[in-house]
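Structure at a glance
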Amino acid sequence: MAGGGIVGDSGGKHYDSHVTAYVIMTCIIAATGGLMFGYDIGISGGVTSMDEFLSKFFPSVYRMSKDESSDTNQYCKFDSQLLTLFTSSLYLAALVASFIASTVNRVFGRKTTMFVGGILFLAGSLLNGFAQNVAMLIAGRILLGIGVGFANQSIPLYLSEMAPPQIRGALNIAFQLAITTGILVANLLNYGFSKMEHNGWRWSLGLAAVPALIMTIGAIFLPDTPNSFIQRGQNDKARHVLQKIRGTKDVNDEFQDLLGANEIAKQVTNPWSNILQTQYRPQLVITLLIAFFQQLTGINVIMFYAPVLFKTLGFGDDASLMAAVITGLVNVFSTLVSLVTVDKFGRRILFLQGGIQMIVCQLVVGSMIAAEFGTSGHGEFSETAGNVTVLFICLYVAGFAWSWGPLAWLVPSEIFPLEIRSAGQSINVSVNMLFTFIIGQVFLTLLCHIKFGLFYFFGGFVIIMTIFVYFFVPETKNIPIDEMNRVWRAHWFWAKYIPDNAAGLGKRKSGTYTPLV
């Protein structure tokens, strides 16, 4: 067999359900939590390119950025570990918080976890907006990170558990759409506030309170998921919510399957040790590698440092911020492409096509930078070369935005069984945040030392991860979330890890799986 996926639009048990306005509204409200994460990704790069911010908190970097002498190496203008710590400290905090959030998620529910995340993010945004020194900045970033850890732990699970199987991909990708919208809004605000003579950076950082308030207030009015209610012994509430989100009173089949999944979950006293069992090997390996590879695409060096990167490449202040706005627009509209295609064409085809597109773009961008700056770092983009570089960066962002961006959150959130679902999502968030922190912390140093080769470096990883998807990531579209073991049993490689008595293997009423060859 040449490929490792599973196809089959009828693959999985079909419950009597309708796509209701109620389920769409609840998922949209929950997905707005992604605005917090996206706003922070977009805002930090723009703020660190503002002169007033740099001169106040990072004066040595400010002086280097203004050095126009002929021996100045463009690649190294912003190389500062303290500056990158301002950006990357958030993700280290999110990593630690995701493990705490896993317990909160399991014991108190998805809704409470989202609410706590919103409150913490709100506190961090206010601390950053009123910061007087680097210590206050970093403390604010840590609070923001804890909020992001709680939100990213709970929201993808919430969306996957609430959504009907036939539109689960689209509703889950609404979270990624909110992230990209947050990035775009942050880029636009950075562009506007950069025109202020004083304190523009304070407005940029402080307005992170707005998406935090949206998340916090929204969480108050959301119902919890049926899975979460059952997990906490509130079966009547679970049935009531299930009836509302499925648009029918006849939910007995699905409800009984959820009860069965919960009975299995009760037998697991320690999900952290159970997740290491052989029968969960497919989910664990795929989640670890997807979270790892998403960061090794290099996307966050574009999203975090877009204005700084463009300034490094010789763009002026306004041009750098405007180029970041353009990439933000591309990011949003390309995520919409994923939202409307993921449940029609599936996860695998988007993964593979997006990977190929990113590989080509990274090779072109690296070559363009090499042609203009070489290894010395001396030079300046011509207008034509600069425009071509921005074009291919935008194509790269587009390829990521309809593939690895949303799917790296969607697939891990839908493949774990209930008994280890919170633990699995914690691993997804923590690995993602760990490598976001590492890449964010070392990027400017790597740019200084590896130079244009950095784009080839990330391109090489995109080649590896595209091959990984082709052979080892199965198709999961239209499969009920508690029926995923059938996917693994039909896979050419993962089937050997799934025992014959695994949950969900003996319940199917209709549909077939066809392994890809």
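Summary of the structure given here. Fair warning: this is a prediction, and the values are worked out from it, not measured in the lab. (Residues numbered from 1 in each chain as written. Predicted model: local features only at pLDDT ≥ 70, side-chain atom pairs only at ≥ 80, totals over all residues. Heavy atoms only, no water.)

Glancing now at empty space enclosed by the protein. Scanning all chains against the criterion turns up 5 cavities of 30 Å³ or more. Volume-wise, the largest cavity comes out at about 150 Å³. The leading source of residues in the lining of the largest cavity is helix α8 (residues 168-193), at 4 residues. Split into classes, the residues belonging to the lining of the largest cavity amount to 8 nonpolar, 8 polar and no charged. Of the voids in this model, the second largest cavity is the one considered here, and its volume is about 130 Å³. As for the second largest cavity, its lining consists of 16 residues, and the residues nearest its centre are Arg246, Glu254, Leu258, Ile481 and Asp482. Within the lining of the second largest cavity, the residues separate by chemical class into 8 nonpolar, 2 polar and 6 charged. (1 Å grid on protein atoms, 1.4 Å probe; cavity = no way out; pocket = protein on both sides within 12 Å on 5 of 7 lines; lining within 4 Å. Points joined across faces, edges and corners; volume = space filled by probe spheres on them. Helix = DSSP H or I, 4+ residues; strand = E, 2+ residues; numbered from the N terminus. Nonpolar A, V, L, I, M, F, W, Y, C, P; charged D, E, K, R; others polar.)

Ranked by internal contacts, the top residues of the largest apolar core, which has 73 residues, are Phe37, Phe53, Phe58, Met114, Leu159, Leu205 and Met433. Here this core takes 9 residues from helix α7 (residues 134-162), the largest share from any one element. Formed by 49 residues, the second largest nonpolar core is a distinct cluster that contains Ala291, Val397, Ile415 and Met484. (Core = buried A, V, L, I, M, F, W, Y, C linked by side-chain atoms within 4.5 Å. Buried < 20%, exposed > 50% of the residue type's maximum accessible area, 1.4 Å probe, protein only.)

Turning our eyes to something else, we now look at the packing of helix α1 (residues 21-31) against α7. The geometry of α1 relative to α7 is characterised by a closest axis approach of 10 Å and an angle of 170° between their N-to-C directions. By the criterion of interaxial angle, the relationship of α1 to α7 is roughly antiparallel. Touching Val23, Thr26, Cys27, Ala30 and Ala31 of α1 are Ile155, Tyr158, Leu159 and Met162, all from α7. Along the lines of polarity and charge, the residues of the contact of α1 with α7 split into 8 nonpolar, 1 polar and no charged. (Axes fitted to C-alpha atoms, helices over the stretch in contact; angles between N-to-C directions. Parallel < 35°, antiparallel > 145°, perpendicular 65-115°, else oblique. Contact = heavy atoms within 4.5 Å.)

Right, let's talk about the packing of aromatic side chains for a bit. A full pass over the atoms with the stated rule returns 27 aromatic pairs. The interplanar angle of 80° and the centroid separation of 4.8 Å between the aromatic rings of Phe292 and Phe435 together place this pair among those described as edge-to-face. In this pair, Phe292 sits in helix α15 (residues 281-296) while Phe435 sits in helix α21 (residues 421-450), placing the two residues 143 residues apart along the sequence. The exposure class assigned to Phe435 is partly exposed, which follows from its relative accessible area of 21%. The ring of Phe57 has Lys56 sitting right over it, with the charged end atom 5.6 Å from the ring centre. Here the basic side chain of Lys195 rests over the ring of Tyr191, its NZ or CZ set 4.8 Å away from the ring centre. (Phe/Tyr/Trp six-rings, centres within 6.5 Å; stacked < 30°, edge-to-face > 60°. Lys NZ or Arg CZ within 6 Å of the ring centre and 35° of its normal.)

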